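Each chain, letter by letter, is given below.
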Amino acid sequence: MAQPTAPAPSSLMPVALILLIWHGLLGADYVIARFDLGAQDWPALMPLMPLDALWLQVTWALGVWLGVVAAIFLALRDDASVLLFFAAFAFEVAVGIGLFLAAPPVMLLPVPLLAVIAVLVVMPLFGWLYARAQNRRGVLH
């Protein structure tokens, strides 16, 4: 039997949608780059990063797809989103460290590498903190 939950705040759906759009774009980028779907107009991020090592490819995939699932669970008000966002955050931190250590001196990215790493790490961190706060308030079940 489901536990009674507190009413959802008005910020829950917009935050969940923003996180779902962000992680959904990363997921689309992953699918387009990984399966070489040939979208020429797509602003690809994955091919521009030095994901040469297998462990970087695996952690990138886990960070991306755990973030997508976490955002879906947050929209459904499921408390599993807290753990999933934390796992996505941990994998993105691992990717950030690996990219920082493996990056060539000049990257082909239009923005500095540290800015890309910061955004990749901050979004699941924000999702985790928000989901954790909503779980503590009894909004998630």
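Just above sits the structure.
Along each chain, residue indices are assigned from 1 in the same order as the chain's sequence is written. At least 70 in pLDDT is required for a residue's local features to be given in this predicted model, at least 80 for side-chain atom pairs to be given and counted, and no such filter applies to totals for whole chains, interfaces and linings, which use all residues. As a convention, hydrogens and water are excluded, and side-chain values are obtained from all of the structure's heavy atoms.

(A) Representation of the overall build of the protein chain in the model. Looking only at helices and strands, one finds 4 helices and 0 strands in the protein chain. Each helix is a run of DSSP H or I of at least 4 residues and each strand a run of E of at least 2, with the numbering of both proceeding from the N terminus. Beginning at the N terminus, the succession of helices and strands in the protein chain can be written as α-α-α-α. With the C-alpha coordinates of the protein chain rotated into their principal frame, the extents come out at 50 × 30 × 25 Å. A total of 141 residues make up the protein chain; the buried ones form 38% of that total. Residue pairs in contact within the protein chain that sit at least 24 positions apart in sequence constitute 73% of those at least 6 positions apart. Only protein chains enter the calculation, and the probe is 1.4 Å; a residue is then buried if its accessible area is under 20% of its type maximum, exposed if over 50%, and partly exposed in between. We call two residues in contact whenever any of their non-hydrogen atoms come within 4.5 Å of each other.

(B) The arrangement of the environment of Leu125 in detail. Looking at where Leu125 falls in the secondary structure, it is placed in helix α4 (residues 113–136). Separated by 32 residues in the primary sequence, Leu125 and Val93 place their C-alpha atoms 9.7 Å from one another.

(C) Quick look at the packing of helix α1 (residues 12–34) against α4. Where α1 meets α4, the axes come as close as 11 Å, and the angle between the chain directions of the two elements is 150°. One finds that α1 runs roughly antiparallel with respect to α4. Considering how the two elements wind past one another, α1 and α4 form a crossing that is left-handed. Two secondary-structure elements touch here, α1 through Leu12, Val15, Ile18, Leu19, Trp22, His23 and Leu26 and α4 through Val119, Leu120, Met123, Pro124, Phe126, Gly127, Tyr130 and Gln134. Under this scheme, a helix contributes an axis fitted over its contacting stretch, all axes are lines through C-alpha atoms, and angles between N-to-C directions fall in the 0 to 180 degree range. Angle categories are assigned with fixed cut-offs, so that under 35 degrees is roughly parallel, over 145 is roughly antiparallel, 65 to 115 is roughly perpendicular, and the rest are oblique. When the near helix sits turned anticlockwise from the far one by under a right angle, the crossing is termed left-handed; a clockwise turn instead gives a right-handed crossing.

(D) Local environment of the packing of aromatic side chains. When the centres of two rings from Phe, Tyr and Trp lie within 6.5 Å, Trp using its six-membered ring, the rings pair. Their planes under 30 degrees apart give stacked, over 60 give edge-to-face, and anything left gives tilted. Inspection of the entire model under this criterion finds 4 aromatic pairs. An aromatic cluster is defined as three or more aromatic residues linked by ring pairs; in this entry it consists of Phe86, Phe89 and Trp128. Our definition puts a charge over a ring when NZ of Lys or CZ of Arg is within 6 Å of the ring centre and also within 35 degrees of the ring normal. Positioned above the aromatic ring of Trp128 is the side chain of Arg132, whose terminal nitrogen or guanidinium carbon lies 4.8 Å from the ring centre.

(E) Representation of the environment of Pro50 within the structure. Within the fold, Pro50 resides in the loop between α1 and α2 (54–75). Counting along the chain gives 47 residues from Pro50 to Ile97, while the straight-line C-alpha distance between them is 12 Å.

(F) Expanded view of the packing of α1 against α2. Interaxial distance between α1 and α2 falls to 8 Å at its minimum, and their mutual angle equals 150°. Here α1 lies roughly antiparallel to α2, going by the angle between them. Pair α1 / α2 crosses with left-handed handedness. Residue-level inspection shows Leu12, Met13, Ala16, Leu19, Leu20, His23, Gly24, Leu26, Gly27, Tyr30 and Val31 of α1 in contact with α2, the latter providing Trp60, Ala61, Val64, Trp65, Gly67, Val68, Ala71, Ile72, Leu74 and Ala75.

(G) A look at the side chain of Glu92. Along the chain, the position of Glu92 falls in helix α3 (residues 80–102). Asp and Glu are treated as the negative residues and Lys and Arg as the positive ones, with His and the ends of the chain left uncounted. Criterion for a salt bridge: a side-chain nitrogen of Lys or Arg within 4 Å of a carboxyl oxygen of Asp or Glu. No salt bridge forms around the buried Glu92; measuring N to O, its nearest opposite-charge neighbour Arg34 is 15 Å away. Excluding its chain neighbours within four sequence positions, the residues that come into contact with Glu92 are Trp60, Gly63, Val64, Leu120, Val121 and Pro124.

(H) Fine view of the environment of Ser11. Secondary-structure assignment places Ser11 in the segment before α1. A relative accessible area of 29% means that Ser11 is categorised as partly exposed. Nitrogen and oxygen atoms within 3.5 Å of one another constitute a polar contact, given that in protein one can donate a hydrogen and the other can accept it, and given that sequence-neighbouring residues count only through two side-chain atoms. Among the polar contacts made by the side chain of Ser11, one reaches the side chain of Tyr130 at a distance of 2.7 Å.

(I) Quick peek at the side chain of Ser81. Secondary-structure assignment places Ser81 in helix α3. Its relative accessible area of 0% is what places Ser81 among the buried residues. With residues up to four places along the chain from it excluded, the contact list for Ser81 reads Ala70, Phe73, Leu74, Ala131 and Leu140.

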